[in-house]
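One letter stands for each residue in the lines below.
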There are 2 protein chains.
Amino acid sequence: MKLYASRENLLHGVNIVQRAVATKNPLPILSGMLITAEDNTLKFTATDLEMGIECTVPVTVVEQGSVVVSARYFSEVVRRLPDIRIELEVNPNNHSTNIRYGQSEISIHGMSPEDFPILPQLDREKSVTINGSLFRNMIKQVAFAASSDNSRPIFTGVLLEINGEQLKLVATDTHRLAFRSGKIASSQNLDNLSVIIPGKTISEISKITGEDSQVQLTFTENQVLFEIDNICLISRLINGQFPNYNQVVPQGYKSRIRVKSKDFLESMERASLMTKEGSSVVKISIEELSMNITSNSPDIGRIYEQVQIYLEGEETSISFNSRYLLDVLKVADDEEVYLELTDSLSPGIVKPVGNENYLYLILPIRTL
Amino acid sequence: MKLYASRENLLHGVNIVQRAVATKNPLPILSGMLITAEDNTLKFTATDLEMGIECTVPVTVVEQGSVVVSARYFSEVVRRLPDIRIELEVNPNNHSTNIRYGQSEISIHGMSPEDFPILPQLDREKSVTINGSLFRNMIKQVAFAASSDNSRPIFTGVLLEINGEQLKLVATDTHRLAFRSGKIASSQNLDNLSVIIPGKTISEISKITGEDSQVQLTFTENQVLFEIDNICLISRLINGQFPNYNQVVPQGYKSRIRVKSKDFLESMERASLMTKEGSSVVKISIEELSMNITSNSPDIGRIYEQVQIYLEGEETSISFNSRYLLDVLKVADDEEVYLELTDSLSPGIVKPVGNENYLYLILPIRTL
């Protein structure tokens, strides 16, 4: 294998696939990335066996071939290369990988490409396409609500549903639930689907999706393939039954508060400082013209926050975990939000005033 | 105590003195900061008993007084306050500290100001003044060479010498030594002095010194006081005899290399990737027109770097710890540096081509 490449293209490939490199894995080959030169492209591949990423960049191939290099050291080298033409040459006998730039040369050890796992080839029969910046925004508004507790795998994933032209994402850790829908751009043999995508997969997708990209999603029974520009990400799906979110979302409310998102967020940030270590409980009292947020930590002190609101319905009061409110207020993406309440034991709902496609449910905390 | 202040002024005071708050200290009072209202100023004070900082900001005092508040919680609160007029009121009976903004209020616990240690008042007889940006630059070029090994306290400090109009800073960890001199702006009863300032003190000084500030240094037998704008920092000195740096700096050289700092730095960064874990040894061979840097890690691979140079004197070769070269190349502040060598067992000297006031000595590593 021998080729010429720019530092920029090498760095792009390295940065993209490094996300799939196994960080804690007993198999040494999985700490590497496979690089394959063919047809004036260089393909980077990495996988932790749960998720695999391929990224293809343009290079000038002199001799085809492939090698597995240490992901850590190869990327550290590429990051520090000068911005001049780089020559990459692999000795097929010992997999030694030579990187030449100007009069200088680095040689790093390689491993046999034959030992690297082959990513599955998916049948591209059923697929949908969605706008990249829309999909990224949907992920940002939903993925944080998933659980990080691996003992109940379903809740660590994000439910992805397709119904006709609508793509829906839902995540919950059983204390709160985030729901977002968006319109797909086109579909092929697919108008009804419900799968659970691992949380790590979905957050990596949001990081590698550019503003102007289109994301194509292809589904098989156990796997999903995302194609974005020159990148393919393939991931297993999580098996199991996601809870029926329609059943938990309350229909109607007794009190609806309209409030400036920034005011609500900043008050909640201050109030969260004054909560008991480990509990994060804040009390919210709704009056005609104001929302009063209070919390009290015996060790630190107490807070009384008054936020201007517009109220429809009854005065009421309820307690929440401040972290769950902070999470949604940071991503609500609208100048104003609604907070809909029924009573102090029923879930509250947060919705951006200007976006009917987003809904966030949060369970109250029972207090004395 | 009662006063009105802007968030910006409170935040400035908090940010400055927080650097002196004891992070690991058995005395609870030292995890606090003393705030004292008098004559339309609010004075913040913190100390870890090694170093103390005072910072005074303008406020509108309604009632004089003082209190000690938790440095951690008070600064977290101040950071999150809205940018409106803040009222601060302390209940002198229980030291409860009330922070009011708009219709909202935070109350945090306070401690008695009488329990807070009093910073020593220094006799301002002997002092010098130096330009802030010059002093900051001098510290940047020297302080990193001090040791972090507390078993030999002298080497954790920075030697500060005054000889007539010259202020000199020197630091060494016994493997390398950095020396920088600069001209003082004015002096009072002081033209000869040699003291050792703790490394932590000197690095905090460089962080709080603004570009346009003047720094006034006042010395007593065991302490130094730095005054910068509205900030006073007082620190103990380190007792002991600093090694005579004039004796270790070689007079003359057999080879002098002139090289672009950026080229040398980038080559050294790549070469340092390919060094043995824990050793960081790189070999430098000087030829007529080039410097060749090589290193070899059995686990990772090897590197050969060629850098263009201009050589005066003999061809030679020597080995260094790459980290010590990287440190100086990052702060040399000149487009080109000299590397002066005598033989493979004698120290090397790095100097910026355009600045005779800076010198960096580095001991070679004996290799086979």
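Only a predicted model underlies this, so the values are computations on that prediction, with no experimental measurement involved.

1. Some remarks on the overall build of chain A
Looking only at helices and strands, chain A features seven helices and 28 strands. The C-alpha extent of chain A, read off along each of the three principal axes, is 75 × 50 × 35 Å. Within the span of chain A, comprising 368 residues, buried residues form 42% of the whole. For chain A, the share of sequence-separated contacts (at least 6 apart) that also reach a separation of at least 24 residues comes to 68%.

2. A short note on the sheet that holds strand β19 (residues 231-236) of chain B
Residue and element names in this part refer to chain B. The strand order across the open sheet formed by 10 strands is β10-β6-β2-β3-β4-β19-β18-β17-β11-β15, and the pairing between neighbours is antiparallel. Only two strands of the sheet have a single neighbouring strand rather than two, namely β10 (110-111) and β15 (186-188). The pairing of strand β17 (residues 214-219) with strand β18 (residues 223-228) spans five bridges and is classified as antiparallel. Looking at β18, one finds that L217 is bridged to F226.

3. Observations regarding the domain arrangement of chain A
All names here are of chain A. Looking at the assigned domains, one finds that chain A contains domain 1 (2-115), domain 2 (127-246) and domain 3 (249-362). Distance between the C-alpha centres of domain 2 and domain 3: 28 Å. Contacts between the two partners involve 13 residues from domain 2, matched on the other side by 11 residues from domain 3. Elements that contribute at least two residues to the side of domain 2 that touches domain 3 include exactly α3 (132-142), β14 (176-183) and α5 (245-248). The biggest single contributor to the side of domain 2 that touches domain 3 is β14, with seven residues. Across the side of domain 2 that touches domain 3, the residue classes tally to five nonpolar, five polar and three charged.

4. A closer look at the sheet that holds strand β2 (residues 32-38) of chain A
Residue and element names in this part refer to chain A. Here we have 10 strands laid out as an open sheet, ordered β10-β6-β2-β3-β4-β19-β18-β17-β11-β15, and antiparallel in their pairing. Among the strands making up the open sheet, the edge pair consists of β10 (110-111) and β15 (186-188). Both strand β4 (residues 51-58) and strand β19 (residues 231-236) contribute to a ladder of five bridges, which runs antiparallel. Residue pairing across strands places I53 opposite L233, the latter belonging to β19. Contacting β2, β3 (41-47), β4 and β19, helix α1 (residues 7-17) crosses the sheet at an angle of about 170 degrees to β4. Lying on the sheet, helix α4 (residues 199-208) is in contact with β4, β18 (223-228) and β19; it crosses β19 at an angle near 170 degrees.

5. Side note on the relation of the copies chain B and chain A
For these two chains of identical sequence, chain B goes onto chain A by a turn of 180 degrees and a shift of 0.0 Å along the axis, with RMSD 0.0 Å. Expressed as a symmetry operation, the mapping of one chain copy onto the other fits a two-fold axis. A share of 100% of the interface residues of chain B reappears at the interface of chain A, consistent with the copies meeting face to face through the same patch.

6. A closer look at the nonpolar core
Formed by 214 residues in total, the largest nonpolar core has its most connected members in M33, V142 and V158 of chain A together with M33, V142 and V158 of chain B. The residues touching V158 of chain B, leaving out its near neighbours within four places in the chain, are V142, A143, A146, L169, A171, I197, G199 and I202 of chain B.

7. Looking at the confidence of the model for chain A
Counting all residues, the mean pLDDT for chain A is 95, and 99% of those residues have values of 70 or more. In the predicted assembly, ipTM is 0.90 and pTM is 0.93.

8. Here's the deal with the pairing of strand β9 (residues 104-108) of chain B
Inspection of the sheet shows strand β23 (residues 301-308) of chain A paired to β9 of chain B by four bridges, in the antiparallel sense. When the bridges of β9 of chain B are listed, R302 of chain A appears paired with S107 of chain B. Note that strand β8 (residues 97-101) of chain B and β9 of chain B share five bridges and pair antiparallel. Its bridge partner lying in β9 of chain B, N98 of chain B is registered against S107 of chain B. Linking β8 of chain B to β9 of chain B, which pair antiparallel, is a turn of two residues; within it G102 of chain B sits at a positive phi near 60 degrees.

9. As for the packing of α3 of chain A against α4 of chain A
All names here are of chain A. Interaxial distance between α3 and α4 falls to 9 Å at its minimum, and their mutual angle equals 135 degrees. One finds that α3 runs oblique with respect to α4. For the pair α3 and α4, the crossing hand works out as left-handed. Of the residues in α4, those in contact with R136, I139 and K140 of α3 are I202, I205 and S206. Residue composition of the contact of α3 with α4, by class: three nonpolar, one polar and two charged.

So, how was this worked out
- Residues numbered from 1 in each chain as written.
- Chains lettered and ligands numbered in written order.
- Predicted model: local features only at pLDDT ≥ 70, side-chain atom pairs only at ≥ 80, totals over all residues.
- Helix = DSSP H or I, 4+ residues; strand = E, 2+ residues; numbered from the N terminus.
- Buried ≥ 20, exposed ≤ 12 C-beta atoms within 10 Å, placed from the backbone.
- Contact = placed C-beta atoms within 7 Å.
- Pairing = 2+ DSSP bridges.
- Domains from an automatic or database assignment.
- Nonpolar A, V, L, I, M, F, W, Y, C, P; charged D, E, K, R; others polar.
- Axes fitted to C-alpha atoms, helices over the stretch in contact; angles between N-to-C directions.
- Least-squares fit on C-alpha atoms with pLDDT ≥ 70 in both.
- Core = buried A, V, L, I, M, F, W, Y, C linked by C-beta atoms within 7 Å.
- pLDDT = per-residue confidence, 0-100.
- Parallel < 35°, antiparallel > 145°, perpendicular 65-115°, else oblique.
- Left-handed = near helix turned anticlockwise from the far one by under 90°.

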